[in-house]
Amino acid sequence: MSINLTNKHNVPLALAVWLVADNYDYQAVENYVSVTSLMRPLRQLVLSARTIQGSVESDLADFASRAMGNALHDSIEKAWLHHHQKSMELLGYPKEVIDRVLINPSAELVSRTKDAIPIYLEQRAFKKVGKWTIGGKFDMVADGIVHDNKSTTAYTWLTGDKDKDYQLQGSLYRWLNPDKITEDFIRINFIFTDWSKVMAKSDPKYPQAKVLAKEVPLLSLQETQDWVEGKLAQIEMYWDKPDAAIPECTDDELWRAPPKYKYYSNPAKTDGRSTKNFDSKAEADRFWKVDKGGVGVVIPVIGEPKRCNYCDAVGHCQQARRYFS
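What counts and how
- Residues numbered from 1 in each chain as written.
- Predicted model: local features only at pLDDT ≥ 70, side-chain atom pairs only at ≥ 80, totals over all residues.
- Heavy atoms only, no water.
- Axes fitted to C-alpha atoms, helices over the stretch in contact; angles between N-to-C directions.
- Helix = DSSP H or I, 4+ residues; strand = E, 2+ residues; numbered from the N terminus.
- Parallel < 35°, antiparallel > 145°, perpendicular 65-115°, else oblique.
- Contact = heavy atoms within 4.5 Å.
- Nonpolar A, V, L, I, M, F, W, Y, C, P; charged D, E, K, R; others polar.
- 1 Å grid on protein atoms, 1.4 Å probe; cavity = no way out; pocket = protein on both sides within 12 Å on 5 of 7 lines; lining within 4 Å.
- Points joined across faces, edges and corners; volume = space filled by probe spheres on them.
- Buried < 20%, exposed > 50% of the residue type's maximum accessible area, 1.4 Å probe, protein only.
- Arc of directions from axis to C-beta.

Structural notes on the packing of helix α8 (residues 163–176) against helix α10 (residues 221–238)
For step 1, the next point in the chain: Interaxial distance between α8 and α10 falls to 9 Å at its minimum, and their mutual angle equals 100°. In this view, α8 runs roughly perpendicular relative to α10, as classed from their interaxial angle. Packed against α8, whose contacting residues are Leu168, Ser171, Leu172, Arg174 and Trp175, the element α10 presents Leu221, Thr224, Gln225, Trp227 and Val228 at the interface.
For step 2, the next point in the chain: For the contact of α8 with α10, the class distribution of residues is six nonpolar, three polar and one charged.

Shown next, in the form of structure tokens:
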């Protein structure tokens with residue numbers, strides 16, 4: 001699939017080259033599915049594969065998040081590959097511990113190094129399931145613990161909305177690398193892009209530092225195997241089915257916030273700030289009828305299907321048309 005690139009915001013060439021640089025190691029393997037793709041909603045996965053070449057349009061500015069994420073991962077990898085010894089010295093680790101750290105070692109080197117601390121970086125693994133080849137590349141495995149580095153907003157930490165995705169991601173990496181990943185949790189290393197010291201001081205639930213880690217328990221290997229087989233069976237079942245026959249994405253899959261119900265005391269002025277907001281229709285209607293005697297109006301505000309903005313199939317998806325028509 002090719003992309004029609006636009007530059008609506010006049011991004012200078014100095015940054016444009018960086019933004020479109022693609023260092024992803026695409027796999028020329030028949031019936032290959034990456035961990036990232038397998039985790040996508042069924043509808044997105046199937047319909048995106050049908051996207052006509054050249055039908056996807058993207059603006060240069062839209063590549064900023066991807067480029068920043070890639071830069072973060074690259075810099076972390078380079079720090080471990082070229083500077084881990086000096087950095088660990090600065091952090092106060094004794095030489096006998098530093099000398100046990102092995103970067104991307106062979107199994108033979110680990111076996112003959114006493115109390116080895118193996119560190120694996122950006123390693124891709126593959127596993128066959130029927131006609132399919134599943135592959136995935138983790139960020140880091142350190143002493144049996146799989147790590148994933150996320151540059152994201154503080155909102156992700158506060159809501160925990162992505163924890164199930166993190167659990168599945170880590171579980172799939174362990175399923176692919178049971179020899180390297182021996183612990184039953186994934187460690188998510190957050191770097192918050194919008195962290196505020198003021199918010200941290202005023203709200204104890206807000207992340208208290210710009211960089212924090214969270215551990216999320218993994219599924220068992222058998223549970224992961226069952227999930228993979230189930231998802232592949234769905235893909236095969238719906239691969240050639242028409243759009244209308246493919247199950248629709250759920251609100252969770254669409255990263256869709258729950259609806260809000262806004263009460264306006266003046267029905268003629270609903271384009272400004274609402275008088276009061278509610279999480280449920282029943283609560284809003286009760287306020288309107290009982291407290292306000294039926295004066296005013298309650299307007300539902302449906303959550304935006306945010307994932308559609310990142311889906312290649314959005315232009316020819318019947319479900320998406322209902323949201324953006």
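Side note on empty space enclosed by the protein
For step 1, the next point in the chain: Using the criterion set out here, one finds two cavities of 30 Å³ or more in the structure.
For step 2, the next point in the chain: Surrounding the largest cavity, 14 residues form its lining, Cys249, Leu254, Cys308, Cys311 and Cys317 being those nearest its centre.
For step 3, the next point in the chain: Tallied by class, the residues present in the lining of the largest cavity amount to 10 nonpolar, two polar and two charged.
For step 4, the next point in the chain: Approximately 40 Å³ is the volume found for the second largest cavity.

Focus on helix α11 (residues 281–291)
For step 1, the next point in the chain: Within α11, burial applies to Ala284, Asp285 and Phe287. Considered in projection along α11, the buried side chains sweep an arc of 155° and stay on one side of the axis. For α11, the exposed residues lying more than 90 degrees away from the buried face are Ala282, Arg286, Lys289 and Val290.
For step 2, the next point in the chain: Looking at the packing, one finds that the buried side of α11 touches β12 (260–264), β13 (276–278) and β14 (297–301).
For step 3, the next point in the chain: Backbone geometry just downstream of α11 places Gly293 in the positive-phi region, at approximately 60°.

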